[in-house]
Amino acid sequence: MKTCIKNIREIVGIVPQGILRKQGAEMNETGTLSNAWLLIDADRIAAFGTMDRMPQDADEYLDAEGGLVMPSFCDSHTHIVYAGSREGEFLDKINGLSYEEIARRGGGILNSSDRLHETDEDELYRQSMQRVNEMIAKGSGAIEIKSGYGLRTEDELKMLRVIRRIRENSPALVRATFLGAHAIGRGYEHEQYVRLVCDEMIPQVAQEQLADFVDVFCDEGFFTVEDTDRILTAGAKYGLRPKIHANELAVSGGVQIGVQHKALSVDHLEKTTDNEIEALLGSDTMPTMLPGSSFFLGLPYGRAKEFITAGLGVALASDYNPGSSPSGDMRFVMAMGCIRMRLTTIQALNAVTLNSAYAMGVSDEVGSITVGKRANIIVTRPLANFTMIPYMYQTPFIKHIFLSGKSVCN
């Protein structure tokens, strides 16, 4: 089945084959093509060009009517498998309690752990699929999903089995991350829990082949650099590549230990120094910043511009979770990248597409308009130019969404 999208005002996000991420000055660049068509063959991008050379042998034609075509968003950091909500803590934040104070009172991650323990797998899947479908409708075509609200072996496995069901049943490209080291589970001493993660959880996760990555919340009040080293070493024995939570609450050393273990990404980075930039230079690790969390918690925004000036790439992701970023709207994430982090619109586009795809290990498949990649694309309503998308950040902009070549939203 060949589908040709015609009368495209501009294709944005064109990247040559073989480029898996952008760094430094490359963040300022993206390929564009005006007055264009794009051909989808089965689930792949087959070709694109200008309207004067449009193919005549497609099975169907879709008129973009002057809309833009761009890659679908890639969200490399989410916690969308959870039960219920935490709106009570939202009121606590309004009344002045900090993230750390709420956690010390038994809220936060432990609150979600209690709710998840009481929720069966089918109900957890139902609630989580609602969030996945919401994210797809807002333009996300690739989603990383973490465990980490189980904090008991059986509940972590339950979460990961739900993620597997999502992966099997959603049109989005899904990757799974084991985050047993999200907090210390109720009833455990710190050292006892670290041993549980290393000696029981990781082997069982690997036995059922439930995760692509292993993650640790390496930050003040949670897991130390030494804990993180042990957990990542245990994960490596089973082929689980690291993705790290680091430097959300303090300069934690999480970036450095992540780079040492060849982490695919180090995420959050609200609090960093030049030492973190230096550690990342020359590595294969993608710095990933979460402006939705900064927005919701009133935390500093990541130093994205300084990272790029130093020669690094940057990815942006939603951190969709019930406590600190209850939104999976990647268009808003892109807008915050521009409005609060002062990224240019092209830098922000690269951060929420190709680089975020890299941060979840799928930039060879999605994240750009590239012949041979999956046809995960957004067709916008008629727009003057790409800048309108983050500028008019609440105005509906999506006309069609294709995932793996199939229309999933129009």
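Residues numbered from 1 in each chain as written. Predicted model: local features only at pLDDT ≥ 70, side-chain atom pairs only at ≥ 80, totals over all residues. Heavy atoms only, no water.

(A) Representation of the pattern of salt bridges. Counted under the stated rule, the structure contains 22 salt bridges. Across the salt bridge formed by Asp284 and Arg21, the nearest N and O atoms sit 3.6 Å from each other. On the criterion of sequence distance, the pair formed by Asp284 in the loop between α9 (274-280) and β12 (286-289) and Arg21 in the loop between β1 (2-14) and β2 (31-41) is long-range, its members being 263 residues apart. On the basis of relative accessible area, Arg21 is assigned to the buried category, the value being 17%. (Salt bridge = Lys/Arg side-chain N within 4 Å of Asp/Glu carboxyl O. Helix = DSSP H or I, 4+ residues; strand = E, 2+ residues; numbered from the N terminus. Buried < 20%, exposed > 50% of the residue type's maximum accessible area, 1.4 Å probe, protein only.)

(B) Structural context of the nonpolar core. If you look at the biggest cluster of nonpolar residues, it comprises 96 residues, and the most contacted ones within it are Ile166, Phe178, Phe223, Ile231 and Leu316. Element by element, the count of residues in this core is highest for helix α6 (residues 190-207), at eight residues. One finds Ala36, Ile45, Leu62 and Ile369 within the second-largest nonpolar core, a separate group that totals 16 residues. (Core = buried A, V, L, I, M, F, W, Y, C linked by side-chain atoms within 4.5 Å.)

(C) Focus on the environment of Leu20. Secondary-structure assignment places Leu20 in the loop between β1 and β2. Counting along the chain gives 364 residues from Leu20 to Ala384, while the straight-line C-alpha distance between them is 29 Å. Ignoring any residue separated from it by four or fewer positions in sequence, one finds Leu20 in contact with Leu354, Tyr358, Ser363 and Asp364. (Contact = heavy atoms within 4.5 Å.)

(D) Spatial organisation of unusual backbone geometry. At Glu65, a position not held by glycine, the phi torsion is positive, near 55°. Positioned with a positive phi, Leu151 is a non-glycine residue whose angle comes to about 60°. By secondary structure assignment, the location of Leu151 is in the loop between β7 (140-146) and α5 (153-169).

(E) Geometry of the pairing of strand β15 (residues 398-403). Where burial is concerned, most of β15 is hidden: five out of the six residues are buried. Bridge count for β15 against strand β16 (residues 406-409) is three bridges, and the pairing is antiparallel. Across the sheet, the residue bridging to Leu403 is Lys406, located in β16. The loop that links β15 with its antiparallel partner β16 comprises two residues; one of these, Ser404, has a positive phi angle of about 50°. (Pairing = 2+ DSSP bridges.)

(F) Summary view of the packing of helix α12 (residues 330-339) against helix α13 (residues 345-352). Interhelical geometry of α12 versus α13 gives an angle of 140° and a closest axis separation of 9 Å. The angle between the axes of α12 and α13 places the two elements in the oblique class. As for how α12 packs across α13, the hand of that crossing is right-handed. On the side of α12, the interface is formed by Met330, Val333, Met334 and Cys338, while α13 contributes Thr345, Ala348, Leu349 and Val352. When its residues are assigned to classes, the contact of α12 with α13 shows seven nonpolar, one polar and no charged. (Axes fitted to C-alpha atoms, helices over the stretch in contact; angles between N-to-C directions. Parallel < 35°, antiparallel > 145°, perpendicular 65-115°, else oblique. Left-handed = near helix turned anticlockwise from the far one by under 90°. Nonpolar A, V, L, I, M, F, W, Y, C, P; charged D, E, K, R; others polar.)

(G) Structural context of the packing of α5 against α6. Running from N to C, α5 and α6 point in directions that differ by 35°, and their axes come no closer than 10 Å. As α5 runs across α6, the sense of the crossing is right-handed. Between α5, through Thr153, Glu156, Leu157 and Leu160, and α6, the contact on the second element is made entirely by Leu196, Glu200, Met201, Gln204 and Val205. Residues belonging to the contact of α5 with α6 are distributed by class as follows: five nonpolar, two polar and two charged.

(H) Spatial organisation of helix α3 (residues 109-117). Of all the residues in α3, the buried ones are Ile109, Leu110, Asn111, Ser112, Ser113 and Leu116. Considering only its buried residues, α3 is in contact with α1 (87-94), α2 (99-104), α4 (121-137), α5 and β9 (213-218).

(I) Examining the environment of Leu349 more closely. Inspection of the secondary structure assignment puts Leu349 in helix α13. On the basis of relative accessibility, which here comes to 0%, the residue Leu349 falls in the buried class. Each C-alpha atom, one on Leu349 and one on Gly88, is 34 Å from the other, the two residues being 261 residues apart in sequence. In contact with Leu349, other than residues within four places in its own chain, are Val12, Gly13, Thr30, Met70, Met334 and Phe386.

(J) Focus on the packing of aromatic side chains. For the structure shown, the criterion picks out six aromatic pairs. Residues Tyr193 and Phe223 carry aromatic rings whose centres are separated by 6.4 Å and whose planes lie at 40° to one another, so their mutual orientation is tilted. Residue Tyr193 is found in helix α6, and its partner Phe223 is found in the loop between β9 and α7 (225-236); the two are separated by 30 residues along the sequence. Note on accessibility: Tyr193 and Phe223 belong to one class, buried. Look at Phe217 and Phe222: their rings are 4.2 Å apart centre to centre, the planes differ by 25°, and that puts the pair in the stacked class. For the residue pair Phe217 and Phe222, the accessibility class agrees, reading buried in each case. An aromatic cluster is present here, built from Tyr188, Tyr193 and Phe223 joined pairwise through their rings. (Phe/Tyr/Trp six-rings, centres within 6.5 Å; stacked < 30°, edge-to-face > 60°.)

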